[in-house]
Each structure stands twice: as C-alpha cells, then as structure tokens.
Amino acid sequence: MPHRVSRRRFLGTVAAGAAAAVTRPATARAAAGGPDGVGEPALLGGRPVRTEAFPSWPIADAREEQALLGVLRSGKWGRGVGEQVKQFERAYAELTGARHCLATANGSTALLTSLYALDVGAGDEVIVPPYTFVATVNAVLLRGALPIFVDTDIETFQIDARRIESAITERTRVIVPVHLGGSAADLDTILAVAQRRRLPVLEDACQAHLGEWKGRKVGTLGQAGCFSFQASKNLNCGEGGAIVTDDPAFVETCYTFHNNSRTRATSGDNFSYRGTGGNFRLTEFQAGILQAQMTRLDAQSRTREANASYLSGLLKEIPGLTPARMYAGCTRNAYHLYMFRYDPAQFASLPRARFLEALKAEGIPAAAGYAPLNKEAFLEDTLTSRGFRRIYGERAFAEWRERSQCPQNDRLCGEAVWLGQTMLLGTRADMDQIAEAARKVSAHAARLAKAG
Ligand SMILES: *Cc1c(COP(=O)(O)O)cnc(C)c1O
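On a predicted model such as this, the values are computed, not experimentally measured, just so you know.

Draft legend 1. The arrangement of the pattern of salt bridges in detail. If you walk through the whole model with that rule in mind, you get 29 salt bridges. Put simply, Glu52 and Arg50 hold a salt bridge, and the shortest N to O gap is 3.9 Å. According to the relative accessible area criterion, Glu52 is partly exposed, its value standing at 44%. Taken together, the salt bridges that share partners define one network made up of Asp61, Arg63, Glu64 and Arg296.

Listed below in structure tokens is the structure:
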C-alpha cells in the first residue's frame, strides 16, 4: 500500500482495474495495468492516461473576424479616430464595477503608468511579492524605485499580508499586491495596513479577470487595478492592458502619461504637454477583439471555476499534493493558473522535476512555475548599475539584499506545480484524467524514483 489516506479510493481502483481486466484483451491489459490495477506509468512504458490535447487557446470565431474586418474597413485603426477603444473602456469599467478604465498597450505599461500617476520615482520603495511575473517588479525599477519583497504565504501562494507592515519605511510609496493565478491576495489585511500607514494600494490583477474579493471585482478595491490581455491571459487580444480606478484625476494623469504627455484635450496639432510619458495606447483592432472575447469571458470563467473545484477535491485525496488555499474573502477565483504544492517525501523522494516528467508522459502537461524572483541576477545588475548607485548609494544593494530574504517563497518555488488555465476549459472527465495520472505516479513513485 503506497499510502494510507486513500485506501478506499485505492481499493475502488483495484476493483475497477480487475473488472476491466476481464473484458480487455491481454495486450491491452499488459499495457494498462500492473497487478495493482492503477496502470504502468507511461514513463516506464505503460499506456498514457491521455493522448488528446487539452483545449487550445485562444478561442475565436466569426465574432473576432467581424470585429477585425470592421476596424480594417473603417480605416480608423488607432485610438483617437475610432470608437472601439472607448467602447471597450466603458464595457470593462462596467464589468469590473469601476468608475473609469484606461486601456493600455499591455499589463506592464498599465503598471508603469499607474506607478507614475501614484508619483513613484527615484528614491522610493514599493512593496511587492516575490511570487509574481517579472513585470510587476520591472515596472517599479523602470520608475527608478526600489522593489521591497515581502515573503509569500506558502498556503495561498499570495503575498503574506501579515508581513507587510514591518517592511514599510518612510520611503515606502505604494503597496502592490498581486492576485496571483487569479486567486485574491488578502485584501482586508492589506487595505487595513495601507489605511493605517496612509499608503495607496495598486492591485496587479493581470491574472485575475473577474476575480472577486467579498463579491467585489479585484482591481477595484485599491486606488487602482491593472490588467493584462496578453496572449496567455484569460482575456486576450495578443497584447493589451487596462487600468481601472474610481478616481477621475488619477485616470486623467494615466491618460496623459500613456499618450506622450498629451492630455485628452490636446490632440491633432495642439502641441502642449504635461509631465512626462510615452506612447502606451491600445489600437482599435485590439479593442475590437477584446469586446468579442468578452462575450465568452464569464462562461469560460465559470467553467474553469467548476472544474478547478472538482479537481481540488480529487487531488486533496492524494497524499503529498496540496491545492493552493484561497482566503475566505476570495469569493471568485479567476483560475489563470491551477496551483498546488508537491511534497516529494510522500512520493518516495521522487524529485518534482521527475514528477512533472511522469505527468507529462501521461499526457498531462504541468509546470514548476516561478523561480525566486528576489534572487534573480537581473536585480543585482540593476540595483548595482551606475544610475541606481547614484540614487541609493554604494551600500544600498547589500542593505536591500538583507531586507529581501523570503524563505517561505524559496520553499514554495521548490514545491509548486502549475496547470495552465486552458486545461480547465474542458470537461470533468479531463479533471478525472489529471487526477488519475497523479494517482498513477503516486502509486509507482518508488519505481519511478529508482528508474530516474
Ligand atoms: C502578464 C502579467 C503582467 C504583465 O502583463 P503584460 O501584458 O504581459 O505586459 C504583469 N503582472 C502579472 C502578474 C502578469 O501575470
């Protein structure tokens, strides 16, 4: 018996295997099942649990074609001459419940623009999680500011909100929680600290379209929220982004920054400028595609959520697999990623890389996820660059490194397993196969560990 908890399930599998063995030809029996009935792992020559691909991404039909052709034929391809970007902004504001929305070229420039509007600059500190996509941190660095990492809550994969307050100094300008994977960071705790310390919160909701905290859409609880519509994201137009906020002055500052220092009032040959900025505008084509994609967003999101919660029920039964916990306040998870932790001690010391290989051989593609971002070499290179040394001094990097230890996150980066959002778009039977593959690897972990 490989493990204790799943004895009933294990016996059920044996019974099912035995029943199948009666009706299946001898060759199929040899391929599918060892004597224990869970099947020989594909990595050791057995038959894979699954050979079909998971749903492909993006999903598009005549709606996208019409949107694209409409913009093409209109001859109005850029923001300013057409109506598509403005329409999208109204629709996305309505969807999230925010008063204002500004579309941007991508999620990275949504973050950069928001940090500018929050007056983040050289000499400032910004609180960020280490378990995130690099863009969260790059946006801070591009403003000449210092990212201060607050360790991860290993159970939820989110920033550990209880540790934020002790990372705040007189240089802190903004707190940037990330709703990683589409689940929500602990916004109650974060907003309470922010209020106490009079700091704005900028939500990185780039993975969390339609995610909710206590019934409100994430991205709308802080001063502003940023979204990405990059190709892999749950709402996608190839590249794209948006900022949502309730603050009219804030959105105007964002508009001006994203429009090369030109306000909404200045267009055409009126050349007058305010502040600095760049060109981070969305095109009419992208806005057309986004509106078409939005017609499916809610249904897709419901499918992911239903499949994910069913899958969690199955994976929880396998000793050594722990699905990411959600905070009680997270009333809707966008499931950009399905995340769980893998404990090799419960898998006969089978290393995670080998576990992933074995799953892949079964037809289940899974990933190890992020490495510790706070330890990446590009940070040292940047923080010891000439410009940063001039801002922060020669000893700044050593001090920063002292403050940026994240042991929980280091551990999580060694244990995490991800399934992509498209794997959740299919059927319940797909979830059964994911769990079946994991059970197979679990049952044969010792042999897989030896064979490796
Ligand atoms: C994708 C992503 C971004 C950046 O968005 P882009 O549109 O790719 O620029 C920022 N933060 C997080 C957490 C992301 O997942």
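Draft legend 2. Expanded view of the sheet that holds strand E14 (residues 337–342). Taken in spatial order, the three strands of this open sheet run E12-E14-E15, and their pairing is antiparallel. Every other strand in the sheet has two partners, leaving strand E12 (321–323) and strand E15 (416–420) as the edge strands with one partner each. The mean inter-strand angle of the sheet, taken between neighbouring strand axes irrespective of direction, is 30°. Across five bridges, E14 lies against E15 in antiparallel orientation. For Arg341, the partnering residue across the bridge sits in E15 and is Ala416. Sheet strands in contact with helix H9 (residues 284–315) are E12, E14 and E15, and its direction is about 10° off that of E14.

Draft legend 3. Expanded view of the sheet that holds strand E3 (residues 146–149). Spatially, the three strands line up as an open sheet ordered E3-E2-E6, and their pairing is parallel. If you trace the sheet from one side to the other, it starts and ends with E3 and strand E6 (172–175), each paired once. On average, each strand axis in the sheet is tilted by 30° relative to the strand beside it, whichever way the strands run. When strand E2 (residues 125–128) meets E6, the two strands line up parallel, connected through three bridges. Each bridged residue has a counterpart across the sheet, and for Ile127 the counterpart in E6 is Ile175. Across the sheet, helix H6 (residues 134–142) touches E2 and E3, and the angle it forms with E3 is around 140°.

Draft legend 4. Here's a closer look at the packing of helix H3 (residues 62–74) against H9. The N-to-C vectors of H3 and H9 enclose an angle of 155°; their axes lie 8 Å apart at closest approach. Comparing their axes, H9 and H3 come out roughly antiparallel. The interaxial crossing formed by H3 with H9 has right-handed handedness. Mapping the contact onto sequence places Arg63, Glu64, Ala67, Leu68, Val71 and Leu72 in H3 and Glu284, Phe285, Gly288, Ile289, Ala292, Gln293, Thr295 and Arg296 in H9. In terms of residue class, the contact of H3 with H9 is made up of seven nonpolar, three polar and four charged.

Draft legend 5. A look at the nonpolar core. Core analysis: the biggest nonpolar cluster contains 49 residues, and Ile164 and Leu202 have the highest contact counts within it. Setting aside its immediate chain neighbours within four residues, Leu202 contacts Leu111, Ser114, Leu115, Leu118, Val174, Ile175, Val176, Pro177, Ala224, Gly225 and Cys226. Core analysis: the second largest hydrophobic core is formed by 31 residues, Tyr338, Phe347, Met431 and Ala445 among them.

Draft legend 6. Up close: helix H8 (residues 248–258). Within H8, burial applies to Phe250, Val251, Cys254, Tyr255, Thr256, Phe257 and His258. Buried residues along H8 sit against strand E1 (100–104), helix H5 (107–117), strand E10 (224–228) and strand E11 (241–245). Where H8 begins, one side-chain oxygen reaches toward the backbone nitrogen of Ala249, 2.9 Å away; that side chain belongs to Asp247. Among the residues trailing H8, Asn260 stands out with phi positive, at a value near 55°.

Definitions and limits used
Residues numbered from 1 in each chain as written. Predicted model: local features only at pLDDT ≥ 70, side-chain atom pairs only at ≥ 80, totals over all residues. Heavy atoms only, no water. Salt bridge = Lys/Arg side-chain N within 4 Å of Asp/Glu carboxyl O. Buried < 20%, exposed > 50% of the residue type's maximum accessible area, 1.4 Å probe, protein only. Pairing = 2+ DSSP bridges. Helix = DSSP H or I, 4+ residues; strand = E, 2+ residues; numbered from the N terminus. Axes fitted to C-alpha atoms, helices over the stretch in contact; angles between N-to-C directions. Contact = heavy atoms within 4.5 Å. Parallel < 35°, antiparallel > 145°, perpendicular 65-115°, else oblique. Left-handed = near helix turned anticlockwise from the far one by under 90°. Nonpolar A, V, L, I, M, F, W, Y, C, P; charged D, E, K, R; others polar. Core = buried A, V, L, I, M, F, W, Y, C linked by side-chain atoms within 4.5 Å. Polar contact = N/O pair within 3.5 Å; in protein donor to acceptor, adjacent residues only side chain to side chain.

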